[in-house]
Amino acid sequence: NARFKINNVKGSNGELIVNINQSKYNNEWVTLGVFELDKNTSNAGTVFLNDLTGETGKEINFDALRFRQIISTTPGNTTNTGDGFDCPIGTTTERRSSSVWPGSWIDASPFARLYFVGTPQEAYHTGADLNLPRDADAHTPVYAIGSGVVIFASSLPVWGNVIIIKHDPLASNGRVFYTRSAHVESMSVRVGDRVKRGQQIARVGNAFGRYAYHLHFDVSPTKILETNPEHWPGRDLNNLLANYVDPRDVILKNRPK
């Protein structure tokens, strides 16, 4: 459980911690993520590697870091446009049906609903928790709801594996949305990959055993997930409503023609 602390990432209150499970990788580059750094600070982008996980007899084996500049494009400067959104789970027929959450899939924690009530984790939910009864959703495919570019694909504390996609501007209205698929396993995309609607990006997981199997799926119309992939408004409902929209509503209103 290697821990990287990245200094002065915008939106992270000074530093962002990224955990990497070393057991999954051997002799290959591992993406920590895409970050916007604060160029006005002297140590922006400094990365500390911490062997403070308490794992007896374990050593951190990563020995190099490299940076790659990402040049963002605005909707007016790109030839890529999106033709609409499908559901992120279900069979091909189900995802293209008129029902947003297909078949027996349910949203256990709907958008903006207060959950974990009465516990320290009490919060308003940023999206949907999609699952099937009795863990029937375990290891089932997770799909990109629309075309776009992967801007984050890594493990985060509490969240487990997270994939964030910046979707192409919709041909119908020019709007750009970001989607976050969390708690997933078997990620099949990396940062910088271009994906198309209906492409498998992962499988439904349980955040390395933290939760029951389900897909946490949320949609943002702002850039908050570019700068802070683990953003969580908690009980700040105004913050939530400023940065997230109901994923069911977004898919329903932007079905492919």
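Scroll up a little and you will see the structure.
Below or above, wherever it landed, is the structure these notes cover. By convention here, each chain's residues receive numbers from 1 onward along its written sequence. Reporting of local features is limited, given that this is a predicted model, to residues whose pLDDT is at least 70; pairs of side-chain atoms are given and counted only at 80 or more, and all residues count toward the totals for whole chains, interfaces and linings. The side-chain numbers reported here are obtained from all heavy atoms of the structure, hydrogens and water having been left aside.

**A word on the sheet that holds strand S4 (residues 106-107)**
At step 1: Being paired, for any two strands, means DSSP has found at least two bridges between them. Segments assigned H or I by DSSP are reported as helices when at least four residues long, segments assigned E as strands when at least two residues long, and all are numbered from the N terminus. Judged by pairing direction, the sheet is antiparallel, and its seven strands sit side by side in the order S4-S7-S14-S11-S10-S9-S12 without closing on themselves. The strands lining the two open edges of the sheet, one partner per strand, are S4 and strand S12 (194-195).
At step 2: Bridge count for strand S7 (residues 128-131) against strand S14 (residues 215-220) is three bridges, and the pairing is antiparallel. For Leu130, the partnering residue across the bridge sits in S14 and is Leu215.

**Description of the environment of Glu230**
At step 1: Position of Glu230 among the secondary structure elements: in the loop between helix H2 (224-227) and helix H3 (237-243).
At step 2: Partly exposed describes any residue whose relative accessible area lies between the buried limit of under 20% and the exposed limit of over 50%, with all areas from a 1.4 Å probe on protein chains only and scaled to the type maximum. Relative accessible area serves as the criterion here: at 24%, Glu230 is assigned to the partly exposed category.
At step 3: Note: C-alpha distance between Glu230 and Pro157 (73 residues apart in sequence) is 8.4 Å.
At step 4: By the convention used here, residues are in contact when the closest approach between their heavy atoms is within 4.5 Å. Those residues in contact with Glu230, other than ones at most four positions away along the chain, are Leu16, Ile17, Leu156, Pro157, Trp159 and Arg180.

**Here's the deal with the pattern of salt bridges**
At step 1: Salt bridges are defined by distance alone: a side-chain nitrogen of Lys or Arg within 4 Å of a carboxyl oxygen of Asp or Glu. This model, assessed by the stated rule, comprises eight salt bridges.
At step 2: Among the salt bridges present, the one from Arg235 reaches Glu122, with a minimum N-O distance of 2.2 Å. Here Arg235 is found in the loop between H2 and H3, whereas its partner Glu122 is found in the loop between strand S5 (114-115) and strand S6 (123-124), with 113 residues between them in sequence.
At step 3: The exposure class of Arg235 is partly exposed, given its relative accessible area of 49%.
At step 4: Among the charged side chains, a network of salt bridges with common partners joins Asp83, Asp86, Arg197 and Arg255.

**Looking at the environment of Arg113**
At step 1: Relative to the helices and strands, Arg113 is located in the loop between S4 and S5.
At step 2: Put simply, Arg113 and Thr126 are 13 residues apart on the chain and 8.4 Å apart in space, counted from C-alpha to C-alpha.
At step 3: If sequence neighbours within four positions are ignored, Arg113 has contacts with Ala123, Tyr124 and His125.

**Section: the pairing of strand S9 (residues 148-156)**
At step 1: Among the nine residues that make up S9, eight are buried, leaving the element largely enclosed by the rest of the structure.
At step 2: In the sheet, S9 pairs with strand S10 (residues 160-167) via eight bridges, with the strands oriented antiparallel. Across the sheet, the residue bridging to Ala153 is Ile163, located in S10.
At step 3: Counting the residues in the hairpin turn of S9 and S10 gives three residues, including Val158, whose phi is positive at 70°.
At step 4: When S9 meets S12, the two strands line up antiparallel, connected through two bridges. Following the sheet pairing, Val149 is matched in S12 by Arg194.

**Focus: the environment of Asp218**
At step 1: With respect to the secondary-structure elements, Asp218 resides in strand S14.
At step 2: Given the relative accessible area of 0%, Asp218 is considered buried.
At step 3: Sequence-wise, Asp218 and Phe111 are 107 residues apart; in three dimensions their C-alpha atoms are separated by 8.4 Å.
At step 4: Within the structure, Asp218 has its side chain in polar contact with the side chain of Arg180 (distance 2.7 Å).
At step 5: A distance of 2.8 Å separates a polar atom in the side chain of Asp218 from a polar atom in the side chain of His216. Identification of polar contacts relies on pairs of N or O atoms within 3.5 Å, with a donor-acceptor requirement for protein atoms, meaning one able to donate a hydrogen and the other able to accept it, and with residues adjacent in sequence counted only if both atoms are side-chain atoms.

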